[in-house]
Amino acid sequence: KMKNLNNNPLEIEFNETNEEERKKLLETLIAFGISNLDNPFKNITIHEVAKDLHIGRNKAYEIFKRDDFPAITLGRPWQVMYIAYIVWKYNTFKKV
């Protein structure tokens, strides 16, 4: 199972910072998140991605078909390696 990383275990307050400090903080948080994964090399399904992104199944299928999304199909339904998904999610949403 995927660990719930939506809480704030480090109790970090996000104040206004310059871009370099913000980038360093985000990289630290990503490293922290990755280190807390049960198994970063397992494959996760469309359903798990949809649940994590709070989107429907159809939208998740659209994401899995994107050229920039690291999805794989090996004779089974679409899947993505968990670590690749985390990196994709970070790179896609880092400007938010």
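A. Expanded view of the nonpolar core. By size, the foremost hydrophobic cluster in this structure holds 16 residues, and its most contacted members are Val-49, Phe-69, Val-80 and Tyr-85. Where this core is concerned, the elements lending two or more residues are α2 (46-53), α3 (57-64) and α4 (82-93). The element contributing the most residues to this core is α4, with five residues. With sequence-adjacent residues up to four places away left out, Val-80 is seen in contact with Lys-42, Asn-43, Ile-44, Val-49, Phe-64, Phe-69, Pro-70, Ala-71 and Tyr-85.

B. Just the sheet that holds strand β1 (residues 43-45), in detail. Ordered in space as β1-β3-β2, the three strands form an open sheet in which the pairing is antiparallel. A single partner strand is all that each edge strand has here, and the edge strands are β1 and β2 (71-72). Across two bridges, β2 lies against strand β3 (residues 79-81) in antiparallel orientation. The residue bridging Ala-71 from the neighbouring strand is Val-80, located in β3. Contacts from α4 reach β1 and β3, with the element oriented near 85° to β3.

The rules behind each value
Residues numbered from 1 in each chain as written. Predicted model: local features only at pLDDT ≥ 70, side-chain atom pairs only at ≥ 80, totals over all residues. Heavy atoms only, no water. Core = buried A, V, L, I, M, F, W, Y, C linked by side-chain atoms within 4.5 Å. Buried < 20%, exposed > 50% of the residue type's maximum accessible area, 1.4 Å probe, protein only. Helix = DSSP H or I, 4+ residues; strand = E, 2+ residues; numbered from the N terminus. Contact = heavy atoms within 4.5 Å. Pairing = 2+ DSSP bridges. Axes fitted to C-alpha atoms, helices over the stretch in contact; angles between N-to-C directions.

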